[in-house]
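Given next are the chains, with one letter for each unit.
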Amino acid sequence: MARLRLRPSQIVSSRQPIAENGIMFLARISLLLQPLILLSWLISPTLAYTALSDDFLKLVPSGGDDFDIDNGKLLAPILIPRVPGTPGQAAAQEHFVNFFREALPSWSVAWFNSTGKTPVTGDRQIPFQNLLFKREPPWVQEGQSNLLTLVAHYDSKITPEGFIGATDSAAPCAMLMHVARSIDHFLTQRHDKMDALGAGGTVPADMGIQILLLDGEEAFKDWSATDSLYGARALAERWEGSQHPATSMYKNPLDQISMFVLLDLLGAANPTVRSSFLPTHWAYRAVANIEQRMRGLGLLESKPDEPFLPDAQKNSLSFGRGSIEDDHLPFMHRGVPILHLIANPFPTVWHTMDDDGAHLDLPTVRDWARIVTAFALEWMDLMDVEPKDGPKDGAPARN
């Protein structure tokens, strides 16, 4: 869902007074340190970022009929209510797990479970179940890989009854399944090549990727610090306290996250996704550049009024302390770098019964799938295994 709070001059307000003061102080310090943080990330060895060639971009698939709202094998099964602890959510979980186990057996599957009380369920503990699908180089040890982390929440609101949440966030979940499937064989090729060369054991070589599907993002009654982000809050706390062996490259699972890319409220026509954070603006610009190049090559289907990502040239002085509250917050407050891909303004169907499959703009859905897939290919430095028999006539891949 996410919750829009703020103009750039405002700060996140739904915190207890003591926490508010702490966050305000940290925000001020963060603004002072942003230039140094940005510089350190730009020179970091984890960011050996090479843009895809035009020929490689032409090979990035759109997902085609897999995003059909009635029969598409990625999206259709999750266009149902997915309230935590209900049969609908169990069906969505089964869909995700079966997809990875059957189509992508090289990816590990892990559950991170917690429980919590909500304002509408009294003393009854509600289960929240985060799902993590991960692929690392085969030679890495615990805590050795740096992980591109692609994220969406898969639960849906409890009200109105029967709410589906196609943009919020069934479609983003399906997009991430498409990303994993599209890059998998390139990861295999890269791992085989590097293993043969004995090139593992360096930060650029030890890149992995994980798909994190979070539970309990939605508020059960009124959005607040305690009635929202149930799964994200529990997982960030758990990972912070999960220490890797002393000889590991990274101290805990949070430290392994090279970028936390959160997709939310995507799938409606004419989206506008803003750049929210100066330290990761360079990554936003990389995604915006992919969109621009793909449109120039005729690879995208949608015809928006403006680019999906219009802030590529945003001035560093234009970044304020305002933000949209979403699943990234518990991770960001623990120092994880965040790229937040969320439509702002929110889709007109937001939190209404019209946020269903029929109101998705499927060309936009497929375009987002292509753009995020290309970003993942670039981040994982997969130009190193670029196919040499790519299309030469300019015809884009459509599946």
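Residues numbered from 1 in each chain as written. Predicted model: local features only at pLDDT ≥ 70, side-chain atom pairs only at ≥ 80, totals over all residues. Heavy atoms only, no water.

Colleague: Teacher, can you tell me more about the confidence of the model for the protein here?
Modeller: Residues shown with low pLDDT carry predicted positions that ought not to be read at fine detail. Of all residues in the protein, 85% have pLDDT values of 70 or greater, and the mean over the chain is 89. Here residues 6–46 scores under 50 on pLDDT; set against residues more than four positions off or in separate chains, the count is 49 contacts. Across residues 391–396 the pLDDT falls below 50, and counting only partners more than four positions away or on other chains, this stretch makes 9 contacts in the model. (pLDDT = per-residue confidence, 0-100. Contact = heavy atoms within 4.5 Å.)

Colleague: How do you make sense of the pattern of salt bridges when you look at a structure like this?
Modeller: If charged atoms from side chains of opposite charge come close, those side chains can pair. The final tally for this structure, using the stated rule, is 10 salt bridges. Notably, a salt bridge pairs arginine 293 with aspartate 54, separated by 2.6 Å at the nearest N-O pair. On the criterion of sequence distance, the pair formed by arginine 293 in helix H6 (residues 281–296) and aspartate 54 in helix H2 (residues 54–59) is long-range, its members being 239 residues apart. Close ionic contact of glutamate 240 with arginine 334 constitutes a salt bridge, the shortest N to O distance being 2.9 Å. Highlighted residues: glutamate 240 in helix H5 (residues 230–240) and arginine 334 in the loop between helix H7 (329–332) and strand E8 (338–342), separated in sequence by 94 residues. (Salt bridge = Lys/Arg side-chain N within 4 Å of Asp/Glu carboxyl O. Helix = DSSP H or I, 4+ residues; strand = E, 2+ residues; numbered from the N terminus.)

Colleague: Help me understand the pairing of strand E4 (residues 146–153) in this model?
Modeller: Regular strands show a simple pattern: their side chains alternate between the two faces of the sheet. In terms of burial, E4 is a largely internal element, 8 of the 8 residues being buried. Burial along E4 is two-sided: Asn146, Leu148, Leu150 and Ala152 facing one way and Leu147, Thr149, Val151 and His153 facing the other are all buried. One ladder, built from 8 bridges, connects E4 with strand E5 (residues 207–214); its direction is parallel. Among the inter-strand pairings, alanine 152 is bridged to a residue of E5, identified as leucine 213. For the handedness criterion, the β-α-β arrangement of E4, helix H4 (residues 166–197) and E5 is classed as right-handed. (Buried < 20%, exposed > 50% of the residue type's maximum accessible area, 1.4 Å probe, protein only. Pairing = 2+ DSSP bridges. Right-handed = clockwise from strand over helix to strand, strands pointing away.)

Colleague: What's the story with H5 in this structure? I'm lost.
Modeller: Residue pairs spaced three or four apart in an α-helix point in one direction, given the helix's 3.6 residues per turn. Within H5, burial applies to Tyr230, Gly231, Ala232, Leu235, Ala236 and Trp239. Buried residues along H5 sit against strand E2 (108–116), strand E3 (126–135), E5, strand E6 (257–264) and H7.

Colleague: In this structure, what is going on with the packing of helix H3 (residues 87–103) against H4? I would like to understand it.
Modeller: Geometry of a packed helix pair, given as the angle between the helix axes and the separation of the axes. Here H3 crosses H4 at 5 degrees, and the two axes come no closer than 11 Å. Accordingly, the angle class assigned to the pair H3 and H4 is roughly parallel. The residues of H4 that touch H3, namely those facing His95, Phe96, Phe99 and Phe100, are Cys173, Met177, Ala180 and Arg181. Classifying every residue of the contact of H3 with H4 by side-chain character gives 6 nonpolar, 1 polar and 1 charged. (Axes fitted to C-alpha atoms, helices over the stretch in contact; angles between N-to-C directions. Parallel < 35°, antiparallel > 145°, perpendicular 65-115°, else oblique. Nonpolar A, V, L, I, M, F, W, Y, C, P; charged D, E, K, R; others polar.)

Colleague: Hey, could you run me through the sheet that holds E8 in this one?
Modeller: On the basis of which strands lie adjacent, the open sheet formed by 6 strands has the order E2-E3-E5-E4-E6-E8 and mixed pairing. Bordering the open sheet on either side are E2 and E8, each of which pairs with just one other strand. Taken pair by pair, the neighbouring strands of this sheet meet at an average axis angle of 20 degrees, ignoring direction. On top of the sheet, H4 reaches E3, E4, E5 and E6; it is set at about 155 degrees to E4, its chief contact.

Colleague: It is not clear to me how the side chain of arginine 366 should be interpreted in this structure. Could you clarify?
Modeller: Structurally, arginine 366 is set in helix H8 (residues 362–379). A distance of 2.8 Å separates polar atoms of two side chains, one belonging to arginine 366 and the other to glutamate 301. If sequence neighbours within four positions are ignored, arginine 366 has contacts with Ser62, Gly64, Phe67 and Glu301. (Polar contact = N/O pair within 3.5 Å; in protein donor to acceptor, adjacent residues only side chain to side chain.)

Colleague: Looking at this model, I keep getting lost on the pairing of E8. Mind explaining?
Modeller: In terms of residue burial, E8 counts as a mostly covered element, since 5 of its 5 residues are buried. Burial along E8 is two-sided: Ile338, His340 and Ile342 and Leu339 and Leu341, pointing in opposite directions, are all buried.

Colleague: Hey, could you run me through unusual backbone geometry in this one?
Modeller: One can expect most non-glycine residues to show negative phi and most peptide bonds to be in trans. The step from threonine 159 to proline 160 runs through a cis peptide bond, and the omega angle for that step is -5 degrees. Among the secondary structure elements, proline 160 is positioned in the loop between E4 and H4. Here the amide bond leading from asparagine 344 into proline 345 is cis, since omega sits at 15 degrees, within 30 degrees of zero. Inspection of the secondary structure puts proline 345 in the loop between E8 and H8. Notably, leucine 229 is not glycine yet its phi reads approximately 55 degrees, a positive angle. Tracing the chain through its elements places leucine 229 in the loop between E5 and H5. Even without glycine at this site, aspartate 381 takes up a positive phi of about 60 degrees. Mapped onto the elements of the fold, aspartate 381 is located in the segment after H8.

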